[in-house]
Amino acid sequence: TCAISPRAIVSDACASFSTLERLNRKVKPAVDELTKETDFFSYYRLNLFNKKCPFWNDENAMCGNIACAVNTIDSEEDIPKIWRASELSKLQGPSAQHPAKKIQKERPKKPLQGLLGENVGESCVVEYDDECDERDYCVPEDESASAKGDYVSLVHNPERFTGYAGEGAKMVWDAIYRENCFQRSSFPHSASLGTSPMAKGPAAQDFRNVLQDANRQQIVQQHSQNPSTTFAQTGLELEGECLEKRVFYRVVSGMHASISTHLCWDFLNQTTGQWQPNVGCYKGRLHTHPERISNLYFNYALLTRAIAKLGPHLQDYTFCSGDPEQDAATKAKVLAVTQGAASVPQIFDESLMFKNGEGPSLKEDFKNRFRNVSRVMDCVGCDKCRLWGKVQTAGYGAALKVLFEFDNDSQDIPVLGRTELVALFNTYARLSSSMNAIVGFRGMVEAEEKAT
Ligand code: FAD
């Protein structure tokens, strides 16, 4: 009963929290080494500045704080040689056996933008410069813009408190939670949602339309009595929802909880100018909302399973940075993480999803909704928050793709491009560090309680 199926509630009662914390203690050093000490996993290429918010006018929602800024890599000297434009322009398709080769051959639409140097005698994991694949759960970074984006060091732009808040941030979170309302599209493609708050307008109508059973009726009542209730809050009460909708909600809420944890843990004390944990912030956003913490742990279980499932296939990947010694070291670090993730019995049972009842018909809907969550990241008015929002939605997208698009017993091998792999492992690292911070915060709250 303690196995973490998507149906189970991760709770202390079932000791699952401690199982996951034990796993995290074991795997975290390898995750940190991989994401902080290898070039391959610490640089991310994305379109951070060139894409407009596709859903509403966000021109006045920009965060002007210095903490919101991102340092991009301006000088080519600062990125590994093999990734520089002069090298990238020499790229040909892969020339040797590689798990991704078949797929790469089928995708010759544009030159591959990747990590394959001229004299690299084997195929490397590449950066796809491609349209969305039907298996993808998020939109590729270069979906509409012609620019290939910028390289950003994830190590030098840590996710932490930025001061981004207010109406702009609220609109983004509300829009994300609104995607939880399946069956009706709350995000018509390219349509503007306007700025209407949840309580009125088409969004609230959507909400009412999807609430059908008795439990939902109750929520509607609560929502109309207290219009300031957000979708996020009401989402918690959708207990009668089918498994798939609940999983969608938990993924989003768990991501939100992880972002909140980081901003509370690495918080700027504006009096002393020190970056330090802020227990009050943790109490208000997380401690008093145990279900949010539970969703964060749920996400850790989900990513652990995706990484464990992907592990055997990564043995054949080459993580090219131009330096064979470094590439071998990177691969050893990747395998240390995947083996760690696989060292516990199967922790998340994805085979339960999209099977019974309305499940199969929900899969496309689920995917499209998750893609919308990734699109709404272009509406985030703080560069640093947008960077990490994009990394994490891409990371969850990659995990969902591995879990739900590849049968456990099929010969079909999950193929991920470089950007997806970097996002997946960095999202795992984010969750791992959030869990560590939550353990730390819990200790601080206990100490406070003892002292009073
Ligand atoms: P918010 O966190 O904005 O939450 C809005 C409402 O959602 C809450 O009132 C509550 O009802 C509900 N809610 C909150 N948490 C959850 C949850 N886990 N599950 C379900 N419902 C929930 N700020 C930074 O300082 N650093 C960052 O790196 C950063 N990254 C961001 C990334 C994104 C994509 C977005 C949209 C915002 C980011 N922010 C970041 C801003 C931050 O998330 C908050 O929006 C901001 O601090 C204001 O917080 P708040 O107290 O108004 O509540």
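Residues numbered from 1 in each chain as written. Predicted model: local features only at pLDDT ≥ 70, side-chain atom pairs only at ≥ 80, totals over all residues. Heavy atoms only, no water.

### Let's talk about the packing of helix α10 (residues 279-287) against helix α15 (residues 418-451)
- Interhelical geometry of α10 versus α15 gives an angle of 110° and a closest axis separation of 10 Å. Here α10 is positioned roughly perpendicular relative to α15, judged by the angle of their axes. Facing α10, whose interface residues are Val-279, Tyr-282, Lys-283 and His-287, α15 presents Ile-438, Phe-441, Arg-442, Met-444, Val-445 and Glu-448.
- Of the residues assigned to the contact of α10 with α15, the class counts are six nonpolar, one polar and three charged. (Axes fitted to C-alpha atoms, helices over the stretch in contact; angles between N-to-C directions. Helix = DSSP H or I, 4+ residues; strand = E, 2+ residues; numbered from the N terminus. Parallel < 35°, antiparallel > 145°, perpendicular 65-115°, else oblique. Contact = heavy atoms within 4.5 Å. Nonpolar A, V, L, I, M, F, W, Y, C, P; charged D, E, K, R; others polar.)

### Description of the site of the ligand
- Taken together, 25 residues sit near the ligand, with Arg-160, Thr-162, Trp-173, Ser-253 and His-256 positioned nearest.
- His-256 has a polar side-chain atom sitting 2.8 Å from an oxygen atom of the ligand.
- Ala-257 has a polar backbone atom sitting 3.4 Å from a nitrogen atom of the ligand.
- Alone, the ligand offers 950 Å² of accessible surface; in the complex the protein occludes 85% of this.
- Ranked by the residues each element gives to the shell around the ligand, the list is headed by helix α9 (residues 243-265), at six residues.
- Considered class by class, the residues forming the shell around the ligand number 15 nonpolar, six polar and four charged. (Near = heavy atom within 4 Å. Polar contact = N/O pair within 3.5 Å; in protein donor to acceptor, adjacent residues only side chain to side chain. Areas by Shrake-Rupley, 256 points an atom, 1.4 Å probe, with all protein chains shown as cover.)

### A look at the confidence of the model for the protein chain
- Looking at the protein chain, pLDDT values average 74 and 68% of them are 70 or higher.
- Of all helices and strands in the protein chain, the one with the weakest mean pLDDT is helix α6 (residues 201-210) (29), whereas α10 scores best (97).
- In the predicted structure, residues 142-146 sits below a pLDDT of 50 and forms twelve contacts with residues beyond four places in sequence or in another chain.
- Contacts of residues 184-238 to residues separated by more than four positions or lying in other chains number 85 contacts, the stretch itself having pLDDT below 50.
- Quick note on the complex model: pTM equals 0.81, ipTM equals 0.99. (pLDDT = per-residue confidence, 0-100.)

### Notes on helix α5 (residues 167-178)
- In a regular helix each residue adds 1.5 Å, so twelve residues correspond to 16 Å; α5 covers 16 Å between its end C-alpha atoms and thus fits that length.
- Burial runs high along α5: ten of the twelve residues are buried.
- Listing the buried residues of α5 in full gives Gly-168, Ala-169, Met-171, Val-172, Trp-173, Asp-174, Ala-175, Ile-176, Tyr-177 and Arg-178. (Expected span 1.5 Å × (residues − 1). Buried < 20%, exposed > 50% of the residue type's maximum accessible area, 1.4 Å probe, protein only.)

### Some points on the layout of surface pockets
- The calculated volume of the second largest pocket comes to roughly 330 Å³.
- Taken together, 18 residues make up the lining of the second largest pocket; nearest its centre are Lys-36, Pro-158, Glu-159, Arg-430 and Ser-433.
- Counting residues per element, the lining of the second largest pocket draws most heavily on α15, which supplies six residues.
- When grouped by side-chain class, the residues that make up the lining of the second largest pocket number seven nonpolar, five polar and six charged. (1 Å grid on protein atoms, 1.4 Å probe; cavity = no way out; pocket = protein on both sides within 12 Å on 5 of 7 lines; lining within 4 Å. Points joined across faces, edges and corners; volume = space filled by probe spheres on them.)

### Here we look at the state of the cysteines
- Summed over all chains, the structure comprises three disulfides.
- Each sulfur of the disulfide joining Cys-53 and Cys-379 lies 2.0 Å from the other. On the sign convention where negative is left-handed, the bridge of Cys-53 and Cys-379, at about 75° about the S-S bond, is right-handed. Within this pair, whereas Cys-53 is found in the loop between β1 (43-46) and α3 (85-88), its partner Cys-379 is found in the loop between α13 (359-376) and α14 (383-405), the two being separated by 326 residues in sequence. Each member of the pair, Cys-53 together with Cys-379, is buried.
- Between Cys-264 and Cys-281 runs a disulfide, and the two sulfur atoms are separated by 2.0 Å. (Disulfide = S-S within 2.5 Å.)

### Focus on the pattern of salt bridges
- On inspection of all chains with the given rule, the structure shows 16 salt bridges.
- Across the salt bridge formed by Lys-28 and Asp-32, the nearest N and O atoms sit 2.7 Å from each other. Of the two residues, Lys-28 and Asp-32 both sit in helix α1 (residues 16-37), four residues apart, roughly one turn of that helix.
- Given a relative accessible area of 15%, Lys-28 falls into the buried group.
- For Asp-32, a relative accessible area of 17% puts it in the buried group.
- For Asp-383, the salt bridge is made with Arg-386, and the minimal N-O distance between the two is 2.7 Å. With Asp-383 and Arg-386 both in helix α14 and three residues apart, the pair spans about one turn of that helix.
- Exposure remark for Arg-386: the relative accessible area of 6% places this residue in the buried category. (Salt bridge = Lys/Arg side-chain N within 4 Å of Asp/Glu carboxyl O.)

### A word on the packing of α14 against α15
- Look at α14 against α15: their axes get within 7 Å of each other, and the N-to-C directions meet at 105°. With respect to their mutual orientation, α14 and α15 come out roughly perpendicular. Along the contact surface, α14 presents Trp-388, Val-391, Gln-392, Ala-394, Gly-395, Tyr-396, Ala-398, Ala-399 and Lys-401, while α15 presents Glu-420, Ala-423, Leu-424, Asn-426, Thr-427, Arg-430 and Leu-431.
- Each residue belonging to the contact of α14 with α15 can be placed in one class, and the counts come to nine nonpolar, four polar and three charged.

### Topic: the environment of Tyr-300
- Checked against the element boundaries, Tyr-300 lands in helix α11 (residues 290-314).
- The class for Tyr-300 is buried, based on a relative accessible area of 0%.
- In sequence terms Tyr-300 and Glu-358 are 58 residues apart; their C-alpha atoms lie 26 Å from each other.
- With near-sequence residues (within four places) excluded, Tyr-300 lies in contact with Leu-20, Leu-23, Asn-24, Val-27, Tyr-428, Leu-431, Ser-432 and Met-435.

### Notes on the environment of Ser-253
- Structurally, Ser-253 can be placed in helix α9.
- The class of Ser-253 is buried, set by a relative accessible area of 3%.
- Remark: the alpha-carbon pair of Ser-253 and Phe-298, spanning 45 residues in sequence, is separated by 10.0 Å.
- In contact with Ser-253, other than residues within four places in its own chain, are Tyr-177, Arg-292 and Asn-295.

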